[in-house]
Every structure is written in structure tokens, then in C-alpha cells.
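Structural features, examined
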Amino acid sequence: MDEHLRNELSRQGIFVTTLEELYNWGRKNSLWPLGFGLACCAIEMIATSMARHDLARFGAEVFRPSPRQADLMIVAGTVTKKMAPQVVRLYNQMAEPKYVIAMGACAISGGPFKQGYNVLKGIDRYLPVDVHIPGCPPRPEALLHAFMTLQEKIAAQALTGEQRPRHLRADAPGAFPVPEFGAHDLQPPHNPEVWTPPRLARES
Amino acid sequence: METLEQIKTRVELAVPGASLTVIQNGSPCAQHSILVDNEHALEVARFLQQDPQLRLDYLSNVTGVDWLEQVLQEKSRSRRVIDGVEREIEETTEKRVPGYLEAIYHLYSMELKHGPVILRLRTSDRAKGTVLPSLTPLWRGAEFQEREIFDLYGIRFEGHPDLRRILMWDSFADHPMRKDYVEPDDYEYEPTPHDEVLERARQHYLPRT
């Protein structure tokens with residue numbers, strides 16, 4: 001709809017909207033996160049939900065103790081290889097539409113433990129991450145910014161056509177394979193449908 | 001507290017057959033330690049715990065060390081007569097020290113407020129004979145730490161009540177803190193690779209077209 005016409009109408013007391021906008025407006029303002037933390041980033045996440053930073057302004061203060069009631073997974077902290085299958089399983093148990101914020105250096109890449117033997121080098125190896133936040137740990141403002149980014153992303157989603165979100169596609173999977181404990185590493189070490197290792201063209 | 005030599009003498013009198021070696025630490029901290037033979041380790045530890053002059057009732061820490069096989073080079077100089085002329089000859093002899101795994105116990109006394117006394121236990125080699133006596137029956141605090149050493153170094157503690165992996169999963173086969181541990185090659189982009197990381201990163205480079 002023409003923006004100018006809509007402004008004119010609203011000035012006359014007539015509110016005009018589309019079903020898509022209304023639907024996305026409702027979704028983006030009631031993002032309920034799953035209440036779990038993995039490491040020190042969770043402390044910042046808790047701080048974000050408290051009075052000073054007040055996550056309730058974004059409709060996301062209701063941390064759910066059950067994945068069945070949650071819309072958003074905040075991967076806050078170091079994902080160890082021993083914990084990774086449980087994180088993927090929790091994500092699979094969440095109902096669509098669902099989103100993932102990878103919070104902090106560890107969750108996006110392994111962070112300072114990247115060269116270690118027991119830390120997953122980024123949760124995006126197994127899950128489709130919507131927003132990555134760098135930082136060690138990120139400040140609450142950074143998490144709020146991630147929320148706003150995610151809200152913009154949801155508001156811009158078209159409900160029909162090729163670009164429609166995953167929960168409106170019958171062929172798109174809502175569950176992702178849970179990695180298994182192998183003899184030397186997780187099996188598979190990453191989900192090729194979600195993530196493939198980048199390869200650089202360089203002289204070796 | 002007594003010196004380690006005094007402790008060693010008293011222990012060897014009290015526990016017949018035990019052989020203790022005092023290992024000097026040459027660094028400024030001068031924290032010397034006692035190497036105990038594995039057969040008598042539990043008896044020696046019990047003596048240290050119960051002796052009224054020592055009363056080492058508190059085990060603060062247990063840690064593991066992996067010693068790889070070392071080749072020590074010793075240089076010796078000697079004067080010899082060769083072709084009627086006396087010359088000074090430098091000889092290098094190589095000595096192989098086989099690798100072993102080590103568990104180190106730091107003992108304190110809460111009652112007498114002294115410590116630490118540091119005990120070392122060594123395995124016979126790094127492959128098959130990686131068995132040490134567990135000191136968990138004497139100090140309950142050793143339980144999780146010995147499990148961690150079992151997990152990360154692969155030392156099996158005999159007499160441990162519940163020897164399982166504690167950090168890695170049960171089906172994990174390796175011992176990550178051993179120096180010859182090879183981690184899985186799950187390379188991803190490194191902005192500034194160097195040393196071993198660079199070596200691994202190179203194997204994944206695509207040739208420039």
C-alpha cells in the first residue's frame with residue numbers, strides 16, 4: 001500500500017494494514033526466549049532482562065522454562081562438544097516459528113577456546129543462526145540490538161512467495177539432526193545443510 | 001615442618017620396603033617433592049596422613065603431567081694421547097629417558113597448619129603400564145581429580161571407587177592432555193594463522209586460479 005495514502009488515512013482516523021504486517025507485528029513483539037544459559041554470557045542475558053535494561057520493552061521478558069513454549073533460543077555462552085547435542089535437541093523441541101541468537105564469541109566461533117579440544121567452534125555448525133553478536137561477553141545493549149535486528153528481520157518476512165519463512169514451507173525441515181558422540185569428535189562434525197567450512201583461495 | 005629428607009628417613013623406617021626419592025626443584029620457589037614407588041604409595045600416604053608430627057589431613061590438589069621420551073645429551077671432556085700428542089677430546093653421549101605419566105598430590109595439614117608436602121607417583125611407561133594406586137581411600141577429595149586425570153591423561157587408578165570419565169563423554173577414545181594428542185581436523189577460517197594452526201590451515205587452501 002502506498003505509504004502516503006496510509007499516512008493520510010491514519011490522520012483521518014482510519015487505520016489500514018495488511019494481514020502480513022499484522023501477523024509479523026504480533027510475532028515480533030512477543031518473542032519469548034528459552035530460559036537457559038551456558039556460560040558467563042548468560043549473566044549478561046540475565047542483566048538484560050532486569051530493570052535497568054528492561055527487556056520487557058521488546059516483549060521478550062518471559063523466559064520460558066520449556067522449549068515447547070519458546071520462540072527464541074539465545075545461545076548464551078560456550079557450547080562444549082558434550083553440550084552441543086542437548087542444545088540441538090532443545091532447538092528441535094521448540095515449536096515453529098523459532099529463531100536463534102548466537103550470543104558472544106564462544107557461541108559464534110568457539111571464541112578463546114577455538115583451538116581447544118572440547119569446545120564447539122560455533123553453534124552455526126548445527127543450527128541456523130539468525131543473529132550473531134560478537135563480544136566477550138557482549139554488553140546488554142548488544143543483546144538489545146540483536147533483539148531489534150531480529151525484530152526487523154521478522155517484520156520484513158514475506159508470508160508468501162519463494163522467500164517465505166521456514167514454518168510456512170511444508171518441505172523445509174523444522175528439526176535438525178542431533179550430533180552423536182564419536183570416538184574422537186562429534187559425528188558429524190557439522191551439519192552440511194546448515195554450514196560448510198569456508199575455503200580460501202590462497203597459495204599453499 | 002621437617003625437611004623432606006627427614007620425612008623420607010622416617011617414612012622408610014615406618015614402611016618397610018618403601019623407596020622414596022627427593023626430587024629437587026631448582027627454581028626460586030624451591031618446592032621440592034617426594035617420588036614414591038607405586039607398590040608402597042598407599043602405605044606411605046597413610047603414614048603421612050596419620051603420623052602425629054605430620055598429620056597431612058588435607059589434599060588440596062591432584063594433577064597430572066605427561067613426560068615424553070627425552071634424549072639427554074651429556075658432554076664430557078677428557079685428555080688423551082693420540083699420535084704422541086696429548087689432546088683434549090670432547091665426547092657427547094646420548095641418554096634416552098623413556099616417557100612416563102605422573103600424578104602429583106599436594107598435601108597440607110589443617111590441624112598443624114603446615115604444608116605442602118608434594119608426592120609424585122610415576123607410571124612405568126606411557127602406553128600399557130599406565131596404572132597407579134589411587135589415594136581416594138585416604139583423601140575423599142581425590143576422587144574427582146583422579147577421574148579427571150584418568151579422563152585427560154589415561155592413568156588408571158587402582159582402588160578408585162568409581163573410575164569413569166568426568167569431562168569428556170564415555171565413548172571418547174583419546175586423552176586430550178597427552179602431548180601426542182592429535183585433535184580432529186575441524187578447520188575453519190583463521191584470520192591470522194601461525195605455527196601449527198598455519199600448517200593445518202595450509203592443507204585446506206584452494207589453489208589460486
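Refer to the preceding data block for the structure.
Let me begin by describing the structure that accompanies this report. (Residues numbered from 1 in each chain as written. Chains lettered and ligands numbered in written order. Predicted model: local features only at pLDDT ≥ 70, side-chain atom pairs only at ≥ 80, totals over all residues. Heavy atoms only, no water.)

**Concerning the nonpolar core**
Definition in use: Here the nonpolar core consists of buried residues drawn from Ala, Val, Leu, Ile, Met, Phe, Trp, Tyr and Cys, with membership extended through side-chain atoms lying within 4.5 Å. Only protein chains enter the accessibility calculation, which uses a 1.4 Å probe; a residue whose area is less than 20% of its type maximum is buried, one above 50% is exposed, and one in between is partly exposed. Secondary structure elements follow DSSP: runs of H or I of four or more residues count as helices, runs of E of two or more count as strands, with numbering from the N terminus.
Ile7(B), Val11(B), Ile34(B), Val44(B), Leu48(B), Tyr105(B) and Leu119(B) are the most contacted members of the largest nonpolar core, which has 40 residues in total. Those elements giving two or more residues to this core turn out to be helix H1 (4-14), strand E1 (20-23), strand E2 (33-36), helix H2 (41-50), strand E3 (58-67), strand E6 (100-109), strand E7 (114-122) and helix H3 (142-153) of chain B. Here this core gets five residues from one element, more than from any other, and that element is H2(B). Met73(A), Val88(A), Ala102(A) and Phe176(A) belong to the second-largest nonpolar core, a separate cluster that totals 22 residues.

**Let's talk about the packing of aromatic side chains**
What counts here: What counts as a ring pair is set by centres within 6.5 Å for rings of Phe, Tyr and Trp (its six-membered ring), and what kind of pair is set by the plane angle: stacked under 30 degrees, edge-to-face over 60, tilted for all other angles. Two limits define a charge over a ring: the Lys NZ or Arg CZ must be within 6 Å of the ring centre, and within 35 degrees of the ring normal.
Tallied over the full model, the rule gives five aromatic pairs over all chains. Aromatic side chains Tyr91(A) and Phe176(A) sit 5.9 Å apart centroid to centroid with 50 degrees between the ring planes, which places their arrangement in the tilted category. Within this pair, whereas Tyr91(A) is found in helix H4 (residues 84-93), its partner Phe176(A) is found in the loop between helix H6 (140-155) and strand E4 (180-181), the two being separated by 85 residues in sequence. Its relative accessible area of 1% is what places Tyr91(A) among the buried residues. Residue Phe176(A) is classed as buried on the basis of its relative accessible area, which comes to 9%. Summarising the aromatic geometry, the rings of Trp169(B) and Phe172(B) are spaced 5.1 Å apart at their centres and angled 80 degrees between planes, so their arrangement reads as edge-to-face. Note on Phe172(B): relative accessible area 4%, which makes it buried. Three or more aromatic residues joined by ring pairs form one cluster here, namely Phe181(A), Trp169(B) and Phe172(B). Taking NZ or CZ as reference, Lys98(A) lies 4.4 Å from the ring centre of Tyr91(A), over its face. Positioned over the ring face of Trp67(B) is Lys179(B), at 5.8 Å from the centre of the ring.

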